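If you want the building blocks of each chain, they are given just below.
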Amino acid sequence: MKELILIVLVLAFAFIIRIPFLNVPLEIDGGIFVSCGRLISEGYTLYKDIFDHKPPGIYFLFAFLFRLFKLDLFGINLFLSFWSVLNTFLTYLLARCLFNKRIAILSALIYGLFSSSPLIGGIGPLTENFMITFIILGYLFLIKAFKRKELWFFVSGISFGIAFLFKQVALFELSAALGFLFIITFNKDRKFSIFLWCKKVQNTFLTTENRRRSSPITPMADPAKGGKAIFLKNFFFCLLGFFVPLLLISGYFFLKDALKDFIFFAFTYPFSYIAQGGKAAVPYQFVHFISKMIRAMPLLWMCSIAFIIYTVIMLINKKSINISAQKTIFPFLLVLLWSIFTFMGICLGMRFYPHYFITLLPPFSIMSGFILATLIFPENYYRKNLPVRLIIIVSLLSSLFYSVCQHYKYYFVYTPEEISIHLYPYNAYVEARQVGLYLRKNTTAQDKIFNWSVEPEIFFYAQRRPVSRYLWITPYLDYSWAIPNCVNEVMEALVRDIPVYIVSDTRFQSQLKSMRNTHEQINDFFQKHKYKLEKTFPVI
C-alpha cells in the first residue's frame, strides 16, 4: 500500500510540474507533426499530399487524436503531459522488474522531474517523447519473455517496431535488446546469475496466487545442449515482431498509392538530410552538445557515470562486489547496453540537438535511481564509511541545486510566450501563433494558404489547408537538391490553387529573392498576382 501511495504521488508530481508549459507555443518540429496530423485526419495522404521526412507514427498518432477531439494548443500540450505521466509509470515498472521498489520509485521521480526540462525539448510534442514509450515496453516484454514464453519475444519485437515507426534510431534499441538476448543465452556462469535473475523476474510479474500455480523458471539451455537453437528461435520471434508494424504500414501506403513516396521520404531522404550536415563541425557540435546536457542536468550524468563504473567493475571482477540474489549482474548489463546503443543512435545523424537527449532519459533515470537508493539506503560499505557517503550526497545535492538554478525561471517566472522566446531567441514561434490565429479569423475553411516561411505550425493555428504538400520553405530552400523538381511542383500548385494569403518571412528575403530570379515560374507568378502587404508581425 505504501508503494502504491508513493508511485501515485510521483505520477501526480510528474503531471503538476508540466502545468506551466500547457500554453507554450509549438516549435518547428512539433508544429509540422501536429499540422500534418490534422491534415491526415481531414483525408490527406502522408508523403503523397503532405511532406515531412519522419516515419509515420507521430503523424498518425495526432491524426487519431484530431479524429477524436478538436484539439487546440492547450489540448496538444495537455496530451503530452498525460503521455509523460505514462512514460514515468513505465520507467517505474521497468526499474521494478530490474531492481527493487526503492530504486523504481526513485527512477520514476527522476524521470518525471527531468523529462519536463525545457532545455532538452521535454515540453514539446517531439518524436522522442513518444518513441521511448514503446522502447520501454519493448524491454518490459523482453524481460517477461524470460519465463520461456516465445510469444513475449514476438510482442517485444512489435513494440520496438512501433518505436521505429516514430523514429528510425529505435533500431539501435532493438540491437541492444538482441545483444542482451545473445549474452544471457550464452552466459557461462549460469549458476551465479541467470537462475537467480529469472527467478526475480518471475516474482516481479506474478501475483502471490499465480506464483503458487506456476512452474519454476529454469535457466536457458547450455550452448552445448541446444542453446544456439534457443537463441536463434527467440531472435527470430523478436525480429519477426519488429517487422510486423512496418509491413502493415507499408500495406497501408500501397493501398493509398503512396508506397514509393513513403519509402523515399521516410527512409531515403533522411540520408540526404544527414549528408547535408557539415562533417567538419561534428566534433565541435558533439562537445557543445555534451557540455550543454551536463550543465542542464548534472545529477543525471554524475549518477549515470557512477553506475557505469560500478557495472564495469562487476563485469571485470564479480567477486570485488557482493552481488546478492536480488542484485545479479544482468539488470546492470541491460541498462548499460541500452545506454550505449541509444548514445550511438544519437550520434548517427551527426546533428546534436538537445531533444535527442530525451531518448537517454529512461536508462539514465534508472541508473540514477540505483545510485541514489544505494546512498539513501546504504549497504555495509557505506554504513562503515559515513564520511564518504556524506561527501557523495553533498556533491549530488549541489548538482541538483545547480539544475534548479538553471530551470526555476521556466517553472515559476516566465510566461508561456517568454519561455518560447528564451528557449528559441532566433525563431518566431510566438508570432507564428499570432499569424495563424489572424488567418483563421480572416479566411474561410475553403481558403488555402501558401507559407513562404519556416513556421509550419501556422497551419495548425489557422486550421487551413496548404497550397502544396510542402508546409514550409525548408524542403525547397535548403534541400531542393535532394527532392527532384520540388520547386516546379510548388509552382504548379500555386497556379492550380491560387492562395488567398501568402505568409512571408523577412529573415529569408535574400534567399527568396534569389529563388525568384532563378525560377521564372516563381517570378512570373508574383508579377501576375499583385499581393499586397496586409499585416506584419514583428519578431520579438
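Residues numbered from 1 in each chain as written. Predicted model: local features only at pLDDT ≥ 70, side-chain atom pairs only at ≥ 80, totals over all residues. Heavy atoms only, no water.

Colleague: Can you lay out the overall build of the protein chain for me, pointing to particular residues and giving the numbers?
Modeller: Each helix and strand in the protein chain was counted, giving 25 helices and three strands. When burial is assessed residue by residue, the protein chain has 53% of its 540 residues classed as buried. Residue pairs at least 24 apart in sequence account for 76% of intrachain contacts in the protein chain once pairs closer than 6 positions are excluded. Of the roughly 24800 Å² of accessible surface on the protein chain, 65% is carried by carbon and sulfur atoms. (Helix = DSSP H or I, 4+ residues; strand = E, 2+ residues; numbered from the N terminus. Buried < 20%, exposed > 50% of the residue type's maximum accessible area, 1.4 Å probe, protein only. Contact = heavy atoms within 4.5 Å. Areas by Shrake-Rupley, 256 points an atom, 1.4 Å probe, with all protein chains shown as cover.)

Colleague: So what about the packing of aromatic side chains? Which residues, and what values?
Modeller: With the rule as written, the count across this model stands at 56 aromatic pairs. Centre to centre, the rings of Phe-60 and Phe-253 are 6.0 Å apart; their planes meet at 20 degrees, and the pair counts as stacked. Remark: Phe-253 occurs in helix H11 (residues 227-255) and Phe-60 occurs in helix H3 (residues 57-68); sequence separation between them is 193 residues. Judged by its relative accessible area of 21%, Phe-60 is partly exposed. (Phe/Tyr/Trp six-rings, centres within 6.5 Å; stacked < 30°, edge-to-face > 60°.)

Colleague: Account for empty space enclosed by the protein, with residues named and values stated.
Modeller: A probe as big as a water molecule, rolled over the atoms, marks out the empty space that is left. Following the criterion strictly, the structure yields seven cavities of 30 Å³ or more and no others. Around the largest cavity sit Val-24, Pro-25, Leu-26, Glu-27, Asn-77, Gly-121, Ile-123, Gly-124, Pro-125, Leu-126 and Tyr-424, which together line it. Its residues assigned to classes, the lining of the largest cavity shows seven nonpolar, three polar and one charged. (1 Å grid on protein atoms, 1.4 Å probe; cavity = no way out; pocket = protein on both sides within 12 Å on 5 of 7 lines; lining within 4 Å. Points joined across faces, edges and corners; volume = space filled by probe spheres on them. Nonpolar A, V, L, I, M, F, W, Y, C, P; charged D, E, K, R; others polar.)

Colleague: Give me the lowdown on the pairing of strand E1 (residues 448-452), citing residues and values where you can.
Modeller: With respect to burial, E1 is a largely interior element, four of its five residues being buried. Note: E1 against strand E3 (residues 501-504), four bridges, orientation parallel. Directly across from Phe-450, in E3, lies its bridge partner Ile-502. (Pairing = 2+ DSSP bridges.)

Colleague: Can you explain the pattern of salt bridges? Please cite residues and give values.
Modeller: Scanning all chains against the criterion turns up 10 salt bridges. Put simply, Glu-3 and Arg-96 hold a salt bridge, and the shortest N to O gap is 2.8 Å. Taken together, the positions of Glu-3 in helix H1 (residues 2-16) and Arg-96 in helix H4 (residues 73-98) put the pair 93 residues apart, joining distant regions of the chain. For Arg-96, a relative accessible area of 26% corresponds to the partly exposed category. Glu-42 serves as the salt-bridge partner of Arg-38, at 2.6 Å between the closest nitrogen and oxygen. Overall, Glu-42 belongs to the partly exposed group, its relative accessible area being 36%. What you see here is one network of salt bridges that share partners, running through Arg-38, Glu-42 and Arg-465. (Salt bridge = Lys/Arg side-chain N within 4 Å of Asp/Glu carboxyl O.)

Colleague: How would you summarise helix H23 (residues 486-496) if you had to cite specific residues and measurements?
Modeller: Those residues of H23 not exposed but buried are Cys-486, Val-487, Val-490, Met-491, Ala-493 and Leu-494. Looking down the long axis of H23, one finds its buried residues gathered within 160 degrees of arc, a one-sided arrangement. When the buried face of H23 is taken as reference, the exposed residues oriented beyond 90 degrees from it are Val-495 and Arg-496. (Arc of directions from axis to C-beta.)

Colleague: Any chance you could break down H4 for me, citing the residues and the numbers?
Modeller: Compared with an ideal rise of 1.5 Å per residue, which puts 26 residues at 38 Å, H4 spans 38 Å between its outermost C-alpha atoms and is within 8% of the ideal. Counting buried positions along H4 yields 19 of 26 residues, so the element is predominantly enclosed. Sitting at the amino-terminal end of H4 is Asp-72, which places a side-chain oxygen 3.3 Å from the backbone nitrogen of Phe-74. (Expected span 1.5 Å × (residues − 1). Polar contact = N/O pair within 3.5 Å; in protein donor to acceptor, adjacent residues only side chain to side chain.)

Colleague: An account of the environment of Arg-38 is requested, with residue identities and associated values reported.
Modeller: Locating Arg-38 in the fold gives a position in helix H2 (residues 28-41). Separated by 22 residues in the primary sequence, Arg-38 and Phe-60 place their C-alpha atoms 9.3 Å from one another. In contact with Arg-38, not counting residues within four places along its chain, are Phe-66, Phe-459, Phe-460, Gln-463, Arg-464 and Arg-465.

Colleague: Give a detailed account of the side chain of Ser-115, specifying residues and quantitative values.
Modeller: Take Ser-115: it is sitting in the loop between helix H5 (101-114) and helix H6 (127-145). In this structure Ser-115 comes out as buried when scored by relative accessible area, which is 3%. A distance of 3.5 Å separates polar atoms of two side chains, one belonging to Ser-115 and the other to Ser-84. Contact partners of Ser-115, with chain neighbours within four places excluded, come to Arg-18, Ser-84, Gly-122 and Leu-361.

Colleague: If you had to explain unusual backbone geometry to someone new, which residues and values would you point to?
Modeller: Not every positive phi belongs to a glycine, and Tyr-47 is a case in point at roughly 75 degrees. For Tyr-47, the location among the structural elements is in the loop between H2 and H3. The exposure class of Tyr-47 is buried, given its relative accessible area of 0%. Positive phi values are uncommon outside glycine, yet Gln-463 reaches one of about 60 degrees. Summarising the element assignment, Gln-463 is placed in the loop between helix H21 (458-462) and strand E2 (465-466). Judged by relative accessible area, which is 25%, Gln-463 ranks as partly exposed.

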